[in-house]
Amino acid sequence: MCFCATNVTRYFKNTVSLARILNEILKFSVLQVLYLYNYSIKVMKKITIAIDGFSSCGKSTMAKDLAREIGYIYIDSGAMYRAVTLYSIENGIFQGDRIDAEKLKSLIKDIHISFRLNPETGRPDTYLNGVNVENKIRTMEVSSRVSPIATLDFVREAMVAQQQEMGKAKGIVMDGRDIGTTVFPDAELKIFVTATPEIRAQRRYDELKAKGEEASFDEILENVKQRDYIDQNRDVSPLRKASDALLLDNSHLSISQQKEWLAEQFERVIKEKN
Ligand SMILES: Nc1ncnc2c1ncn2[C@@H]1O[C@H](COP(=O)(O)OP(=O)(O)O)[C@@H](O)[C@H]1O
Ligand SMILES: Nc1ccn([C@@H]2O[C@H](COP(=O)(O)OP(=O)(O)O)[C@@H](O)[C@H]2O)c(=O)n1
């Protein structure tokens, strides 16, 4: 790709006409044109993109789309906390609502989380100790137990260390609750997303229904509010907007509108950095 792109760029010399052709004839998006052009002349400095915010507001939808379009790695940090929660459910860490933190602490080194691209969806699936748990971690049972697990300092320490390792080379879009504040405080682009609890619950409800799963709107709304409360009030890395994050309330934005907004922010920052 690099060889072809370099030659094409040399041939056309004029970036504007090249961009127009890629855009109008080959139907490349503006971002793809920008990325291809920068890639071709090998000057594009990769950045780190941190997307934080409240539960179920569309963070991963926009993060995944952007990452795919610009060729960055996408990491869903929430999936990692969900995987630890699933492990805890399956390994007797919960006694009713009580968490056996000592037991989990002694087992945490045995929890290995990774992501692999699913060729069918074109998106990364979550693996727990080598097993694909992408569907299992999205159940209401995991949703209702994940936030207390995510308050545990040794769990966060282990997850943050892995996340920082994944982002060492930049070129990463990560979404979660503490990415812009704790995991990558120096991220070049930080977004904080919010929407009303009712709208977020409706989006999650529609998603579960579309998957053919049993869902109660009231239960989801309660879960969304409860997780927001725990996430904002925990001692370690509580959910906060980083002071240098851009605020996006997407209550009344469509998926494509928010995608376009994020692409504009990326384009602006990447131009400043290159
Ligand atoms: N702007 C939007 N309008 C309507 N639905 C949306 C929007 N953004 C995301 N969604 C949908 O809302 C649900 C939750 O989005 P998701 O990206 O998983 O949220 P988060 O990562 O913040 O938990 C998904 O089903 C997604 O398709
Ligand atoms: N960086 C992160 C990501 C998630 N989490 C926790 O993990 C839970 C699940 O995260 P998620 O991103 O999958 O949640 P949804 O908004 O997708 O439902 C959150 O409610 C937080 O309690 C966290 O503490 N820190």
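Report follows, based on the coordinates. (Residues numbered from 1 in each chain as written. Chains lettered and ligands numbered in written order. Predicted model: local features only at pLDDT ≥ 70, side-chain atom pairs only at ≥ 80, totals over all residues. Heavy atoms only, no water.)

**Regarding the packing of helix H7 (residues 140-149) against helix H11 (residues 217-233)**
At step 1: Two elements in contact, H7 and H11, have axes whose closest approach is 9 Å; the angle formed by their N-to-C orientations is 20°. One finds that H7 runs roughly parallel with respect to H11. Of the two elements, H7 crosses H11, and the hand of that crossing is left-handed. Contact residues: Met140, Ser143, Ser144, Val146, Ser147 and Pro148 in H7; Glu219, Ile220, Asn223, Arg227, Ile230 and Asp231 in H11. (Axes fitted to C-alpha atoms, helices over the stretch in contact; angles between N-to-C directions. Helix = DSSP H or I, 4+ residues; strand = E, 2+ residues; numbered from the N terminus. Parallel < 35°, antiparallel > 145°, perpendicular 65-115°, else oblique. Left-handed = near helix turned anticlockwise from the far one by under 90°. Contact = heavy atoms within 4.5 Å.)

**Quick look at the packing of helix H5 (residues 77-90) against H7**
At step 1: Packing of H5 against H7 brings their axes to within 9 Å, and their N-to-C directions diverge by 105°. Between H5 and H7, the angle is such that the two are roughly perpendicular. Residue-level contacts link Tyr81, Arg82, Val84, Thr85, Leu86, Ser88 and Ile89 of H5 to Glu141, Val142, Ser143, Arg145, Val146 and Ile149 of H7.
At step 2: Along the lines of polarity and charge, the residues of the contact of H5 with H7 split into seven nonpolar, three polar and three charged. (Nonpolar A, V, L, I, M, F, W, Y, C, P; charged D, E, K, R; others polar.)

**Focus: the packing of aromatic side chains**
At step 1: Following the criterion strictly, the structure yields three aromatic pairs and no others.
At step 2: Both rings, one in phenylalanine 54 and one in phenylalanine 192, keep their centres 5.7 Å apart while their planes meet at 85°; by these two values the pair is edge-to-face. You can see phenylalanine 54 sitting in the loop between strand S1 (48-53) and helix H4 (59-70) and its partner phenylalanine 192 sitting in strand S9 (residues 189-194), a full 138 residues away along the chain. The two residues phenylalanine 54 and phenylalanine 192 agree in class, both being buried.
At step 3: Between tyrosine 72 and phenylalanine 266, the ring centres sit 5.8 Å apart and the planes meet at 90°, which makes this aromatic pair edge-to-face. Here the residue tyrosine 72 occupies a position in the loop between H4 and strand S2 (73-76), and phenylalanine 266 occupies one in helix H12 (residues 255-273), the gap between them amounting to 194 residues.
At step 4: One Lys or Arg, arginine 116, reaches over the ring of tyrosine 127 and ends 3.9 Å from the middle of that ring.
At step 5: In this structure, arginine 145 is placed above the aromatic ring of phenylalanine 94, and the distance from its NZ or CZ to the ring centre is 4.5 Å. (Phe/Tyr/Trp six-rings, centres within 6.5 Å; stacked < 30°, edge-to-face > 60°. Buried < 20%, exposed > 50% of the residue type's maximum accessible area, 1.4 Å probe, protein only. Lys NZ or Arg CZ within 6 Å of the ring centre and 35° of its normal.)

**Thoughts on the sheet that holds strand S6 (residues 123-128)**
At step 1: Read from one edge to the other, the open sheet built from three strands follows the order S5-S6-S7, with strand pairing classed as antiparallel. One side of each edge strand has no neighbouring strand; the edge strands of this open sheet are strand S5 (113-118) and strand S7 (131-132). (Pairing = 2+ DSSP bridges.)

**Regarding the layout of surface pockets**
At step 1: Taken as a whole, the largest pocket holds about 1,200 Å³ of empty space.
At step 2: Around the largest pocket, the lining is made up of 49 residues, and of these Ser60, Lys64, Arg138, Arg204 and Glu207 lie nearest the centre.
At step 3: Secondary structure elements with two or more residues in the lining of the largest pocket: H4, H5, S6, H7, strand S8 (172-176), helix H10 (197-210), H11 and H12.
At step 4: A per-class count over the lining of the largest pocket returns twelve nonpolar, 18 polar and 19 charged.
At step 5: Split by domain, the lining of the largest pocket shows at least three residues from each of two domains, domain 1 (44-71 + 171-273) and domain 2 (76-169).
At step 6: One number sums up the size of the second largest pocket: a volume of about 260 Å³. (1 Å grid on protein atoms, 1.4 Å probe; cavity = no way out; pocket = protein on both sides within 12 Å on 5 of 7 lines; lining within 4 Å. Points joined across faces, edges and corners; volume = space filled by probe spheres on them. Domains from an automatic or database assignment.)

**Section: empty space enclosed by the protein**
At step 1: For the structure on display, the rule yields one cavity of 30 Å³ or more.
At step 2: Lining the largest cavity are Lys64, Tyr74, Asp76, Phe115, Pro124, Thr126, Glu134 and Arg138.
At step 3: Of all the secondary structure elements, the ones that give two or more residues to the lining of the largest cavity are S2 and S6.
At step 4: Looking at the lining of the largest cavity, its residues break down into three nonpolar, one polar and four charged.

**Quick word on H12**
At step 1: The terminal C-alpha atoms of H12, which comprises 19 residues, lie 27 Å apart, in line with the 27 Å expected from a rise of 1.5 Å per residue.
At step 2: Those residues of H12 that fall on the buried side of the exposure criterion are Gln258, Leu262, Ala263, Gln265, Phe266, Glu267, Val269 and Ile270. (Expected span 1.5 Å × (residues − 1).)

**What to know about the side chain of serine 143**
At step 1: As for its placement among the helices and strands, serine 143 is situated in helix H7.
At step 2: For serine 143, a relative accessible area of 6% puts it in the buried group.
At step 3: Setting aside chain neighbours within four positions, we find serine 143 in contact with Arg82, Arg138, Asn223 and Arg227.

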